[in-house]
Amino acid sequence: LFLAVCAVGIGGTFQYGYNVSIINAPTQHIHKFLNETWTSRYHKELNPDLLTFLWSVIASIFSLGGLCGALIGGSMAIRLGRKGALLMNNVTAILASILMGISFPTGLFELLIAGRFLIGINSGIGFCVQPLYIGEVAPKHLRGGLAMGTSIFLTGGILTGQIIGLRQETYFIFPVLELLGGEKHWPLLLSSSCVPAFAQLLFLPWFPESPRYLLIDRGDELSCAKALKRFHGSSEYRREMEDIQRECFALDGEKPKKPWQLFTDRGVRWQLITVIVMTMGQQLSGINAIYFYATYVFEQAGILAEKIPYVTLGTGVCECLTALSCGLLIDSVGRRYLIIGGYLLMTLWCTVLTFSLTYQELYSWLPYLSMTCVFAFILSFGLGPGGITNTLTAELFVQSSRPAASMIAGTVSWISFFTIGMLFPFIVNGLKQYCFVVFLLECFFVAAFIFLIIPETKNKSFLEIKKEFHKLNFGRNA
């Protein structure tokens, strides 16, 4: 099971995290490439405003691709299977890597834009399908910990991108990465996304398809039993087989639903509202503001400019370690305690950070308090919303609704990601450090919603979780 999680993670959410952070490293080189290409093509210099626009397109079209990937990911998971969809998705990553790799030698920045769009599609599909596969192969007593593989590989991808994005003078630690960080070789850096894709194509075929998909969607009981024996062993697989058969019987041949059908299905009303609120809450929680203010906070704390990349790298390490910690705690502590506690702690740190940033000129120790709040906020995010959100999305729905719910969650996530990217500069410019007041209110609201609505899902089957929501969807007397 652990190896299966690694096989789906390396070509799934790792790609998402890696490609979100990797674009920051060659920013100056890409600017120079755009200027030189424009000058050689049109025999005039590129207007600074147009340069900013082209760079914004290259950076943000990844989100548009992710949205498109989320919209088709559920359908691919139904038609090709969870494993088949992930394997086919790697073709998109390889094609994207080729386009980004040849953009510099051909002098066509349009290929770079197309490659970023395609790698966005790849990330959107992986972000949608990976939690389905992991949630369906894991036994209920290990489902939370294994499902955390989604967040662990995402944060691992971000951390890998941050390491590669270290400044040139720091590359003596990573001599191999100096080749990729150099001005002439940045296309290789962007096209390195093919490495996780080839790794998944090499390892994932050795693992079976999702047993739930095989029995409930395909009706193939023999293949389901074989898959369960591979995952759980010959002595333990029968318990999982009985659980899948009960769900199959309860669904009574119900076909996989389309996303728009969930909006009219009263039986999943509160599950759907919950997923939308949690997904928006995760993206709009203020984690982007924390990273935006991190460099400024570190400067105020007296850290030398050339050392700040290392401290920023520490935030990535911090987030990765908390995702691992959450994976160890989730099946013992439970989902509710971790996610509610995470949001409440984030509310606290936003309050303290607003205070410390406002009055840091008055007291010499306040910049250090601000720096502590940055790391504490990232720790709280990783222990709660950063990891639990994706786990709950896969748990709150039965087999017929799960792919459609994953598509909706992915779509909301990418739209929120794009929206906060567009609005965030205006929020910061208008409110300065008081932007954290907006985020603390949002964190408190989401914590209250989860406390009032979401039941504990630890050690419960998908049918048992559905029964918990039945009272909310149809009333206490139903």
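Values in this document were obtained by computation on a predicted structure and should not be read as measured data.

**Student:** How would you sum up the overall build of the protein? Please name residues and give values.
**Tutor:** Scanning the protein from terminus to terminus reveals 24 helices and 0 strands. Its C-alpha atoms give the protein a radius of gyration of 23 Å, near enough to 23 Å, the size a compact globule of 478 residues would have. For the protein, the spread of C-alpha atoms along the principal axes amounts to about 65 × 55 × 40 Å. When the 478 residues of the protein are sorted by exposure, 57% land in the buried category. Restricting to contacts in the protein with at least 6 residues of sequence separation, those with at least 24 account for 82%. Here the protein has roughly 20,700 Å² of accessible surface; of this, 67% comes from carbon and sulfur atoms. Of note, the protein has its 35 positive side-chain charges centred 7 Å away from the centre of its 30 negative side-chain charges.

**Student:** Before we move on, can you summarise the packing of helix H20 (residues 366-383) against helix H21 (residues 385-395) with the specific residues and values?
**Tutor:** Two elements in contact, H20 and H21, have axes whose closest approach is 4 Å; the angle formed by their N-to-C orientations is 15°. Between H20 and H21, the angle is such that the two are roughly parallel. Facing H20, whose interface residues are Ser380, Phe381, Gly382 and Leu383, H21 presents Pro385, Gly386, Gly387 and Ile388. A class-by-class count of the residues in the contact of H20 with H21 yields 4 nonpolar, 4 polar and no charged.

**Student:** Go over the packing of helix H2 (residues 13-22) against helix H6 (residues 109-137), please, and point to the residues and values.
**Tutor:** Axis separation between H2 and H6 bottoms out at 7 Å; the angle between their running directions is 140°. Comparing their axes, H6 and H2 come out oblique. Every pair of crossing elements has a handedness; the one defined by H2 and H6 is left-handed. Mapping the contact onto sequence places Thr13, Gln15, Tyr16 and Asn19 in H2 and Arg116, Ile119, Asn122, Ser123, Phe127 and Gln130 in H6.

**Student:** How would you summarise the domain arrangement of the protein if you had to cite specific residues and measurements?
**Tutor:** According to the domain assignment, the protein contains domain 1 (1-207) and domain 2 (254-477). Inter-centroid distance (C-alpha atoms) of domain 1 to domain 2 is 23 Å. Of the residues lining the interface, 41 residues belong to domain 1; the matching set on domain 2 comes to 44 residues. Carbon and sulfur atoms make up 67% of the surface buried where domain 1 meets domain 2, a total of about 3,600 Å² over both sides. If you sort the residues of domain 1 by the area they bury against domain 2, Phe127, Arg143 and Met148 come out on top, with a joint share of 16%. Counting across the domain 1 and domain 2 interface gives 2 salt bridges. Of the charged contacts, one joins Glu136 and Arg402 as a salt bridge, the two residues approaching to 3.1 Å between their closest N and O atoms.

**Student:** Lay out the confidence of the model for the protein in plain terms, naming residues and giving numbers.
**Tutor:** The predicted coordinates should not be examined in detail at positions where pLDDT is low. Per-residue confidence for the protein gives a mean pLDDT of 85, with 94% of residues at or over 70. Within the protein, the lowest mean pLDDT, 48, falls on helix H9 (residues 175-181), and the highest, 93, falls on helix H11 (residues 194-203). With pLDDT under 50 throughout, residues 168-179 is counted as low confidence; its partners more than four residues away or in other chains account for 16 contacts.

**Student:** Please provide a residue-by-residue account of H11, values included.
**Tutor:** The complete set of buried residues in H11 reads Cys194, Pro196, Ala197, Ala199 and Gln200. Packing partners of the buried residues in H11 comprise helix H1 (2-10), H2, helix H5 (82-106) and helix H10 (186-191).

**Student:** Run through unusual backbone geometry, naming residues and quoting values.
**Tutor:** Glycine aside, negative phi is the norm for most residues, and most peptide bonds take the trans geometry. Look at His43: it is not a glycine, yet its phi comes out positive at around 60°. The residue His43 is located in the loop between helix H3 (27-42) and helix H4 (48-79) in this model. Even without glycine at this site, Asn459 takes up a positive phi of about 60°. Within the secondary structure layout, Asn459 lies in the loop between helix H23 (435-453) and helix H24 (462-474).

Cut-offs applied
- Numbering of residues begins from 1 in every chain and follows the order in which that chain's sequence is written.
- Under the rules for a predicted model, residues below a pLDDT of 70 receive no local features and side-chain atom pairs below 80 are neither given nor counted, while totals for whole chains, interfaces and linings still include all residues.
- Each side-chain value is worked out from all heavy atoms of the structure, with water and hydrogens disregarded.
- Working definition: helices are DSSP H or I runs of at least four residues, strands are E runs of at least two. Numbering for both runs from the N terminus.
- Here the globule rule reads 2.2 Å times residues to the power 0.38, and the radius of gyration is calculated from C-alpha atoms.
- Buried means the residue's accessible area, taken with a 1.4 Å probe over protein chains only, is under 20% of the maximum for its type, while exposed means over 50%, and partly exposed covers the values in between.
- In what follows, residue pairs with any heavy atoms lying within 4.5 Å of each other are defined as contacts.
- Areas reported here follow the Shrake-Rupley algorithm with a probe of radius 1.4 Å; residue values treat only the protein chains shown as occluding.
- The sign given to each residue is positive for Lys and Arg and negative for Asp and Glu; His and the chain ends receive no count.
- Note that the charge is assigned to NZ on lysines, CZ on arginines, CG on aspartates and CD on glutamates.
- Note on geometry: axes are C-alpha line fits, over the in-contact stretch for helices, and angles between N-to-C directions span 0 to 180 degrees.
- Angles below 35 degrees are treated as roughly parallel, those above 145 as roughly antiparallel, those between 65 and 115 as roughly perpendicular, and all remaining angles as oblique.
- Charged means Asp, Glu, Lys or Arg here, nonpolar means Ala, Val, Leu, Ile, Met, Phe, Trp, Tyr, Cys or Pro, and polar covers whatever is left, Gly included.
- What makes a crossing left-handed is the near helix being turned counterclockwise from the far one by less than a right angle; a clockwise turn instead makes it right-handed.
- Each domain span listed reflects an automatic or database assignment of domains.
- By buried area we mean how much accessible surface two parts lose on assembly, using a 1.4 Å probe and totalling the loss over both.
- Basic side-chain nitrogens of Lys or Arg form a salt bridge, by our definition, when they fall within 4 Å of a carboxyl oxygen of Asp or Glu.
- A residue's pLDDT is simply how confident the predictor is in it, with values from 0 to 100.

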